[in-house]
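If you want the building blocks of each chain, they are given just below.
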Amino acid sequence: MTERTLAIIKPDAVKKNVIGRIVQRIEEEGFRIVEMRLVHLSKDDAKGFYIVHKDRPFYDSLTDFMSSGDAVVMLLEREDAIATWRKVMGATDPAKAAPGTLRHAYGFSIERNAVHGSDARETAAWEINHFFKS
Ligand code: ADP
Ligand code: MG
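This structure is a prediction, so every number in the text was calculated from the model and none was measured. (Residues numbered from 1 in each chain as written. Chains lettered and ligands numbered in written order. Predicted model: local features only at pLDDT ≥ 70, side-chain atom pairs only at ≥ 80, totals over all residues. Heavy atoms only, no water.)

Asker: Hey, could you go over the site of ligand 1 for me, with residue numbers and the actual values?
Answerer: As a matter of local geometry, ligand 1 sits amid Lys10, Tyr50, His53, Phe58, Leu62, Arg86, Thr92, Arg103, Ile110, Glu111 and Asn113. Side-chain polar atom of His53 to an oxygen atom of ligand 1: 3.0 Å apart, as the coordinates give it. Between ligand 1 and Arg103, the relevant distance is 3.0 Å, taken from an oxygen atom to a side-chain nitrogen or oxygen of the residue. Relative to its unbound accessible area of 530 Å², ligand 1 is 80% covered by the protein chains. (Near = heavy atom within 4 Å. Polar contact = N/O pair within 3.5 Å; in protein donor to acceptor, adjacent residues only side chain to side chain. Areas by Shrake-Rupley, 256 points an atom, 1.4 Å probe, with all protein chains shown as cover.)

Asker: Explain the pairing of strand E3 (residues 71–79) to me, and be specific about the residues and the numbers.
Answerer: Of all nine residues making up E3, seven are buried, and the element is well covered by its neighbours. As paired strands, strand E1 (residues 2–9) and E3 are joined by eight bridges and run antiparallel to one another. Across the sheet, residue Ile9 finds its bridge partner in E3, namely Val72. Both strand E2 (residues 32–39) and E3 contribute to a ladder of seven bridges, which runs antiparallel. For Ile33, the partnering residue across the bridge sits in E3 and is Leu76. (Buried < 20%, exposed > 50% of the residue type's maximum accessible area, 1.4 Å probe, protein only. Helix = DSSP H or I, 4+ residues; strand = E, 2+ residues; numbered from the N terminus. Pairing = 2+ DSSP bridges.)

Asker: Please set out the pattern of salt bridges residue by residue, giving values where relevant.
Answerer: Scanning all chains against the criterion turns up eight salt bridges. Glu29 is paired through a salt bridge with Arg25; the nearest N and O atoms lie 2.8 Å apart. With its nearest N and O atoms 3.1 Å apart, the salt bridge here joins Glu77 to Arg32. Residue Glu77 is found in strand E3, and its partner Arg32 is found in strand E2; the two are separated by 45 residues along the sequence. Classification of Glu77 by relative accessible area gives buried; the value is 16%. Exposure remark for Arg32: the relative accessible area of 44% places this residue in the partly exposed category. (Salt bridge = Lys/Arg side-chain N within 4 Å of Asp/Glu carboxyl O.)

Asker: Explain the packing of aromatic side chains residue by residue, including any values.
Answerer: One pair of aromatic rings is described through two measures. These are the centre distance and the angle between the planes. Applying the stated criterion to the full structure yields four aromatic pairs. Measuring from centroid to centroid gives 6.0 Å for Phe31 and Trp85, while their planes differ by 90°, and the two rings are edge-to-face. Pair noted here: Phe31 is in the loop between helix H2 (19–28) and E2 and Trp85 is in helix H5 (residues 81–89), with a separation of 54 residues, a long-range link. Judged by its relative accessible area of 0%, Trp85 falls in the buried class. A cation sits over an aromatic face here: Arg78 above Phe31, 5.6 Å from the ring centre. (Phe/Tyr/Trp six-rings, centres within 6.5 Å; stacked < 30°, edge-to-face > 60°. Lys NZ or Arg CZ within 6 Å of the ring centre and 35° of its normal.)

This is the structure in C-alpha cells:
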C-alpha cells in the first residue's frame, strides 16, 4: 500500500556534501519526493521535533547537533515507505549498520548518523505535519 514517511538529511551529512548522493539513493529506491526543503532548525525547533526523546540522556546533545547547521527535510512516498526507508538508512548506530545502508556509508556516530526516518504510521503522520502542514 502506498505510504508516506518523513526523511531528514541531518546536518552532519549536509556538511559532508552528500545531499546529492543521498537523494540519488532515494530516487533509485523508488521513492517519490513529494516535498523537499532546506531548513536550519533552531534549538527549540529541534527540541519540539524530538520531544518524544525529552527524557533521554542524549536529548540536549541531539538537539544541539540537529540545530548546528542546515538539514534537508523530505516527504517521501512509495509502497511500504516507512519500513523501506528505515531499511535503506540502516541501524541507528553506524557501527552496527549493514554495509550498503546510508548510515553505514555516511554516519559518523550513534548521534551523528546522517539521516532520520519515521518509525511508524502514527509518528510519520505527526512528523510530516510538523514540517509540511497542508
Ligand atoms: P532512530 O533515528 O534510528 O529512529 P532513535 O529514535 O532511537 O533512533 O533516536 C533518535 C536519534 O537520536 C538518533 O537517530 C540519533 O541521532 C540520536 N541518538 C539515539 N541514540 C543515541 C545515543 N545513545 N547517544 C546519542 N545520540 C543518540
Ligand atoms: Mg526514531
